[in-house]
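Chain and residue survey
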Amino acid sequence: KIGAEKFSEVWNVDHHKSNTKFGDFNFIDVKAGSTGQVVWELLSECKGFKLTKDIAQNLFCTLSTDTGSFRYSNATPEVFKMAARLVEAGAKPDVVSQALYETYPQKRLVLLQLVLKSLKFEMDGKLALMFLTQNDLDAVGATGEESDEFVNFPRGVSGVKIVGFFKEKSPLKWKVSLRSRDNVDVLKIAQKFGGGGHSLAAGCMMGGDRDGVKSILEKTILELGSF
């Protein structure tokens, strides 16, 4: 979408329900396990398309990340069929997994320690909250990207239905990652604040101090009857 005015045609390829269909041509499949699956469907229709090892590896990455390494409900039979075809073409699941999940700098683990100190359980243990401040990043010498996937740690706690991970982007401005389980829809929460994503994984921006955004999230959950 960024810089779309530079092109005569904009192809919008996605699998998010919140997509606004901004392109000249929109290829949106909300049942797809990942946007890579939609790309695969388009490429398969192209005359002369050849599935190379590099293409297979990249497409396999999209399946692995968006399905939580094939653990989430969007890991459909079609996803596994596509994964098998990609592996046949040269994709290496072990290489993908090691690069995505098992290779990171020491400071990422130190940053996780700081974030977990902020972990609180609210609303009778159904809501887990974590905060990452700019001071945390400065103390470790890390970037916000190194906190990717931290939001998933509390999701596995028994009784937790929603996880809210607040990343401070600037004073009184937070990027909020939302995760849920047991079919609790966090997309509705994110959309209240102009965000988007999936029913079980969404995000948005919120304004206010730390206590303020915490209260806003809790109030919104109650208003929507999320539990």
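What comes next concerns the included structure.

Thresholds, definitions, all that
Residues numbered from 1 in each chain as written. Predicted model: local features only at pLDDT ≥ 70, side-chain atom pairs only at ≥ 80, totals over all residues. Heavy atoms only, no water. Helix = DSSP H or I, 4+ residues; strand = E, 2+ residues; numbered from the N terminus. Buried < 20%, exposed > 50% of the residue type's maximum accessible area, 1.4 Å probe, protein only. Core = buried A, V, L, I, M, F, W, Y, C linked by side-chain atoms within 4.5 Å. Contact = heavy atoms within 4.5 Å. Expected span 1.5 Å × (residues − 1). Arc of directions from axis to C-beta.

1. Observations concerning the environment of Phe-150
- Relative to the elements of secondary structure, Phe-150 occurs in the loop between helix H6 (134-140) and strand S5 (162-170).
- Note on Phe-150: relative accessible area 0%, which makes it buried.
- Remark: the alpha-carbon pair of Phe-150 and Thr-220, spanning 70 residues in sequence, is separated by 23 Å.

2. Digging into the nonpolar core
- One finds Phe-166 and Leu-217 to be the most contacted residues of the largest nonpolar core, which totals 20 residues.
- Mapped onto this core, the elements with two or more residues apiece are strand S4 (127-132), S5, strand S6 (173-180), helix H7 (187-191), strand S8 (201-207) and helix H8 (210-224).
- Not counting chain neighbours up to four residues away, the residues in contact with Leu-217 comprise Leu-127, Leu-129, Gly-164, Phe-166, Leu-178, Ile-189 and Met-206.
- Counting 14 residues, the second-largest nonpolar core is a separate cluster that includes Leu-111, Leu-112, Val-115 and Ala-142.

3. Details of the environment of Leu-111
- Along the polypeptide, Leu-111 turns up in helix H5 (residues 106-117).
- For Leu-111, a relative accessible area of 0% corresponds to the buried category.
- Separated by 33 residues in sequence, Leu-111 and Gly-144 have C-alpha atoms that sit 9.8 Å apart.
- Ignoring anything within four residues of it in the chain, the contact list for Leu-111 reads Leu-132, Asp-136, Leu-137, Val-140, Ala-142, Thr-143, Glu-146, Ser-147 and Phe-150.

4. Here's the deal with H5
- Taking 1.5 Å as the rise per residue, H5 with twelve residues should run 16 Å; its terminal C-alpha atoms sit 18 Å apart, in good agreement.
- Taken together, the buried positions of H5 are Arg-108, Leu-111, Leu-112 and Val-115. Axial view of H5: buried residues confined to an arc of 110 degrees, hence all on one face. Projecting away from the buried face of H5 at angles above 90 degrees are the exposed residues Gln-106, Gln-113 and Lys-117.
- Looking at the buried side of H5, the elements it contacts are S4, H6 and S5.

5. Focus on the environment of Leu-178
- Following the sequence through the fold, Leu-178 ends up in strand S6.
- With 119 residues separating them in the primary sequence, Leu-178 and Leu-59 have C-alpha atoms 25 Å apart.

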